[in-house]
Amino acid sequence: MKHNTKPDSFPTHHDWYAASLQSVTSTPDSLLYTYTNAFDGYAASLSDEEVEFLKQSQSVVDVYEDTLYSLHTTRTPAFLGLNTDLGLLHGHQAMGVNQSSNDVIVGVLDTGIWPESKSFHDSGMPEIPTRWKGACESGPDFSPKLCNKKLIGARYFSKGYHMASGGRSFLKKPKETESPRDQDGHGTHTASTAAGSQVANASLLGYASGTARGMATSARVASYKVCWSAGCFGSDILAGMDRAIEDGVDVMSLSLGGGSAPYYRDTIAIGAFTAMERGIFVSCSAGNSGPNIASLANVAPWIMTVGAGTLDRDFPAYAVMGNKKRFAGVSLYSGAGMGKKSVGLVYKKGSNSTCNLCMPGSLEPQLVRGKVVICDRGINPRVEKGAVVRDAGGVGMILANTAESGEELVADSHLLPAVAVGRKVGDVIREYVKSDPNPTAVLSFAGTVLGVRPSPVVAAFSSRGPNLVTREILKPDLIGPGVNILAAWSETIGPTGLETDSRKTQFNIMSGTSMSCPHISGVAALLKAAHPTWSPSAIKSALMTTAYVSDNTNSPLQDAAGGALSNPWAHGSGHVDPQKALSPGLVYDISTDEYVAFLCSLDYTIEHVQAIVKRPNINCSRKFNNPGDLNYPSFSVVFTNNRVVRYTRELTNVGAAGSIYEVAVTGPQAVQVTVKPSKLTFKNVGDKLRYTVTFVARKGASLTGRSEFGAIVWRNAQHQVRSPVAISWTQL
């Protein structure tokens, strides 16, 4: 709606919206939400005819159909604990940061919360900040008394889902109740990853045992349940964001998303703009559609877009063939095991067979009974394949990757003995079955191993750039731990998430950019505690420019998808380094007005810009020549019919007075990169200095469709402020 055109006869915008709606529909319950922060408008249930009628109103900017978003997890547990990566903030300074994060509130928009989890204990925590306006809402299975000084808020938003599920027949899932309680596990996992308290002796059925803890162990948690069994509806997400802004969160964490769309049609981007303007850091998962290129979600430049990498803890398991060859894989199977006796090994010899994939109902019991079955990874959930094998009478499974997953190994808490292997090993085992008249195998499990090298490795599932909404903004922004993360879990569901899994566990191991996102949200909370006056863009810059691009063997980051080297389309600025992010030296700050100038440079209509910015007087008198002129901490250079691209950036000194930085440039042979000036001297803390980068494509190179990468680093003895550069040619 055109917010500023509300007639004086209506006391509130809610009254005006309700009257506006009554003019087009006679249905009494059609109004779902009115928004006051994240959006200028309301959500309603309307017929196609009513929508067309509503569009004719002079006060209506636009009408959008509700979008269904999904959680960004692989939905099955995998093989690594998060506490290894948390030798983070040792030392007195770090302890001070952690204590001061008592005043930082992390809002998690997800599937709700399991308040009884030990990860939300509040022992030793001071009183809740007086500025907090949130609440603990009650439900049939949720008492407000379950909140405490750690879990300070719990709300739920279901009207969009309610309407999409057929009005009043809300309970599609018999056990699903309208309350903040997490019946999925995902929301509890993400919230405890971001800001869970320390819990000793945590494990998943004995795996990954140790102390579980979130990134910001002293920060507060506020849960906003916006996701239900069918997914997360945009109207509910926007309502959750609206309330989180009103309640007073400092960080907003959303491990969910859809495809990419123009920012004025992206619910999360619209809500996040207001959050950013109010000083709230918004962290979102990049998506799990990798290794396909251009598969990102949540790409708005005011959002931190987080990809996923591995950690250095593994859970080895082995498959020994009848020919005595032994192959290594991974598993979190915790049952009795197979023993030492080999049994028959089965794999359908034909191609494109549903039984190759172990889809439900695809296996013939007379063929697989008492045997180990090879299942190709893909299509249906990994843990479901094991259940299909078990239900058909099989005694074990080898889960073999195909080309799409490459060598990425994800271990699961299977319902029967099962070992996951990479594509190369999988191909050798498949060949063995085809060539041996009587193939056999036995599976074994070897517990936990630390210090895995190389790590981190970019996860194959992590969504990739380029960013198709705005090619000139490099996404994802960075990667964090997202493969095999141990965190708290809901006790209403087993670790696999399958209905047939009756096991109960207080912790679970999961994978997805859903798991990497709250790592960054929690680290951002620590930065907010250490630097309360920093803007969301300054915190984002600190995280990006201090990220690292080498693994623990001092080699460039690898990509699990193909085993080759990774690049910024996959890892963005690199892997988060919380310790260095606390003291980045310089930051690229971005004001709200600069974001408006960016939007105005995208050829959007004034109404579309207003829908995002929510200001009536936007006229786009200021716009960038190129969207890439936004003061972003990374560079994406697109050559179309031009051979020269020039960007200007501004750096703010957050380090010592008198700091001097010199530039170092690495770039592809096909492009000449020049930075002027090449030295920056910051006399005072807070000083701002500008520089210009000129990219010139060399003549004679046939580069259409190619991408090249480099970096621009401002450095001195104390700091390296690194910006990745991605260069692509669409036409020349």
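Please refer to the structure higher up on the page.
What you are looking at is a predicted structure, and each value in this text was computed from that prediction instead of being measured.

Draft legend 1. Examining the nonpolar core more closely. With 102 residues, the main nonpolar core has Ile237, Met252, Leu254, Tyr263, Trp302, Leu543 and Leu599 as its most contacted residues. Those residues within four positions of Trp302 in sequence are excluded, and the remaining contacts are Tyr263, Ala269, Ala272, Phe273, Met276, Lys540, Tyr595, Phe598, Leu599 and Ile612. Formed by 29 residues, the second largest nonpolar core is a distinct cluster that contains Leu332, Val346, Val389 and Leu416.

Draft legend 2. Highlighting the pairing of strand E21 (residues 418-421). A two-sided burial pattern is seen for E21, the buried positions comprising Ala418 and Ala420 on one face and Val419 and Val421 on the other. Relative to E21, strand E20 (residues 396-400) runs parallel, the two sharing four bridges. Looking across to E21, one finds that Ala400 is bridged to Val421.

Draft legend 3. Focus on the packing of aromatic side chains. For the structure on display, the rule yields 24 aromatic pairs. Judged by centre distance (5.3 Å) and plane angle (40 degrees), the rings of Tyr17 and Tyr42 are tilted. Within this pair, whereas Tyr17 is found in helix H1 (residues 13-22), its partner Tyr42 is found in strand E2 (residues 41-44), the two being separated by 25 residues in sequence. Between Tyr647 and Phe695, the ring centres sit 6.3 Å apart and the planes meet at 70 degrees, which makes this aromatic pair edge-to-face. Taken together, the residues Tyr647 in strand E31 (residues 644-653) and Phe695 in strand E35 (residues 688-697) connect sequence positions 48 residues apart.

Draft legend 4. Quick peek at the sheet that holds strand E30 (residues 635-639). If you walk across this open sheet you meet the five strands as E30-E37-E36-E32-E34, and the pairing is mixed. Pairing within the sheet leaves two strands with one partner each, and these edge strands are E30 and strand E34 (679-682). For this sheet, the mean angle separating the axes of adjacent strands, direction not counted, is 20 degrees. Taken together, the five bridges between strand E32 (residues 659-666) and strand E36 (residues 707-715) define a ladder with antiparallel strand orientation. By the bridge assignment, Ala664 is partnered in E36 with Val713.

Draft legend 5. Structural context of the pairing of strand E17 (residues 326-330). In this structure, strand E16 (residues 316-321) lies alongside E17, joined through five bridges in antiparallel fashion. Each residue of the ladder has a partner; that of Val320, found in E17, is Arg326. The hairpin turn running from E16 into E17, its antiparallel successor, is four residues long, and Lys324 in that turn takes a positive phi close to 75 degrees.

Draft legend 6. Structural context of the sheet that holds strand E33 (residues 671-676). Judged by pairing direction, the sheet is antiparallel, and its four strands sit side by side in the order E29-E31-E35-E33 without closing on themselves. A single partner strand is all that each edge strand has here, and the edge strands are strand E29 (586-587) and E33. Where E33 and E35 come together, six bridges link them in antiparallel fashion. Paired with Val675 across the strands is Val693, a residue of E35.

Draft legend 7. Broad picture of helix H11 (residues 513-530). Taking 1.5 Å of rise per residue, 18 residues should cover 26 Å, and H11 covers 26 Å from first to last C-alpha, within 8% of that figure. The element H11 is extensively covered by neighbouring structure, given that 17 of its 18 residues are classed as buried.

Draft legend 8. Representation of the pattern of salt bridges within the structure. Scanning the model with the defined rule gives 22 salt bridges in all. The partner of Glu116 in a salt bridge is Arg181, with the nearest N and O atoms 2.8 Å apart. Taken together, the residues Glu116 in the loop between strand E4 (105-110) and strand E5 (151-156) and Arg181 in the loop between helix H4 (159-164) and helix H5 (186-195) connect sequence positions 65 residues apart. Residue Glu116 is classed as partly exposed on the basis of its relative accessible area of 42%. Here Lys149 and Glu127 are joined by a salt bridge, their closest N and O atoms 3.1 Å apart. On the criterion of sequence distance, the pair formed by Lys149 in the loop between E4 and E5 and Glu127 in the loop between E4 and E5 is long-range, its members being 22 residues apart. A relative accessible area of 27% means that Lys149 is categorised as partly exposed. On the basis of relative accessibility, which here comes to 58%, the residue Glu127 falls in the exposed class.

Draft legend 9. Region of the structure containing the environment of Pro365. Positionally, Pro365 belongs in helix H8 (residues 365-368). A relative accessible area of 31% means that Pro365 is categorised as partly exposed. Expressed as a C-alpha distance, the spacing of Pro365 and Gly394, which sit 29 residues apart in the sequence, is 7.8 Å.

Draft legend 10. Representation of the state of the cysteines within the structure. Per the counting criterion, the structure on display carries four disulfides. Paired through a disulfide, Cys600 and Cys620 show a sulfur-sulfur distance of 1.9 Å. One disulfide, between Cys600 and Cys620, carries an S-S torsion of -80 degrees and so falls in the left-handed class. Within this pair, whereas Cys600 is found in helix H15 (residues 592-600), its partner Cys620 is found in the loop between helix H16 (606-613) and E30, the two being separated by 20 residues in sequence. Judged by its relative accessible area of 2%, Cys600 falls in the buried class. Judged by relative accessible area, Cys620 falls into the buried class, the value being 16%. Indicated for the protein is the disulfide connectivity 1-2, 3-4, 5-6, 7-8, based on numbering the bonded cysteines in sequence order.

Draft legend 11. Region of interest: the packing of H15 against H16. Running from amino to carboxyl end, H15 crosses H16 at an angle of 150 degrees, the nearest separation of the two axes being 10 Å. As far as their axial angle goes, H16 and H15 are roughly antiparallel. Classified by chirality, the crossing of H16 by H15 is right-handed. Taken together, the residues of H16 that come into contact with H15 (itself represented by Val596, Leu599 and Cys600) are Val609, Ile612 and Val613. Residue classes in the contact of H15 with H16 are distributed as six nonpolar, no polar and no charged.

Draft legend 12. The arrangement of the environment of Ser535 in detail. With respect to the secondary-structure elements, Ser535 resides in the loop between H11 and helix H12 (536-545). By relative accessible area, Ser535 is classed as partly exposed at 21%. C-alpha separation for the pair Ser535 and Val675, spaced 140 residues apart in sequence, amounts to 26 Å. In this structure the side chain of Ser535 is engaged in a polar contact, spanning 3.0 Å, whose partner is the side chain of Ser537.

Draft legend 13. A look at helix H10 (residues 423-435). Helix length check: H10, at 13 residues, gives a terminal C-alpha distance of 18 Å against a target of 18 Å (1.5 Å per residue), a fit within 8%. Within H10, the full set of buried residues consists of Gly426, Ile429, Arg430, Tyr432 and Val433. Looking straight down H10, one finds its buried side chains confined to an arc of 155 degrees; they lie on one side. Across H10 from its buried face, at more than 90 degrees, point the exposed residues Lys424 and Ser435.

Draft legend 14. Quick peek at the packing of H5 against H11. Where H5 contacts H11, the two axes come as close as 7 Å, and the packing angle between them is 35 degrees. Judged by the twist between their axes, the crossing of H5 over H11 is right-handed. On the side of H5, the interface is formed by His186, His189, Thr190, Thr193 and Ala194, while H11 contributes Ser514, Met515, Pro518, His519, Ser521 and Gly522. Here the contact of H5 with H11 is built from residues that sort into three nonpolar, eight polar and no charged.

Draft legend 15. Spatial organisation of unusual backbone geometry. The step from Gly290 to Pro291 runs through a cis peptide bond, and the omega angle for that step is 5 degrees. Positionally, Pro291 belongs in the loop between strand E13 (281-285) and strand E14 (304-309). Cis rather than trans, the peptide bond between Gly465 and Pro466 has omega equal to 5 degrees. Mapped onto the elements, Pro466 comes out in the loop between strand E24 (457-458) and strand E25 (478-481). Residues other than glycine seldom take positive phi values, yet Ala208 does so here, at roughly 60 degrees. Here Ala208 shows up in strand E7 (residues 207-212). We classify Ala208 as buried; its relative accessible area is 1%. Although it is not a glycine, Ala294 adopts a positive phi angle of roughly 55 degrees.

Thresholds applied
Residues numbered from 1 in each chain as written. Predicted model: local features only at pLDDT ≥ 70, side-chain atom pairs only at ≥ 80, totals over all residues. Heavy atoms only, no water. Core = buried A, V, L, I, M, F, W, Y, C linked by side-chain atoms within 4.5 Å. Buried < 20%, exposed > 50% of the residue type's maximum accessible area, 1.4 Å probe, protein only. Contact = heavy atoms within 4.5 Å. Helix = DSSP H or I, 4+ residues; strand = E, 2+ residues; numbered from the N terminus. Pairing = 2+ DSSP bridges. Phe/Tyr/Trp six-rings, centres within 6.5 Å; stacked < 30°, edge-to-face > 60°. Axes fitted to C-alpha atoms, helices over the stretch in contact; angles between N-to-C directions. Expected span 1.5 Å × (residues − 1). Salt bridge = Lys/Arg side-chain N within 4 Å of Asp/Glu carboxyl O. Disulfide = S-S within 2.5 Å. Parallel < 35°, antiparallel > 145°, perpendicular 65-115°, else oblique. Left-handed = near helix turned anticlockwise from the far one by under 90°. Nonpolar A, V, L, I, M, F, W, Y, C, P; charged D, E, K, R; others polar. Polar contact = N/O pair within 3.5 Å; in protein donor to acceptor, adjacent residues only side chain to side chain. Arc of directions from axis to C-beta.

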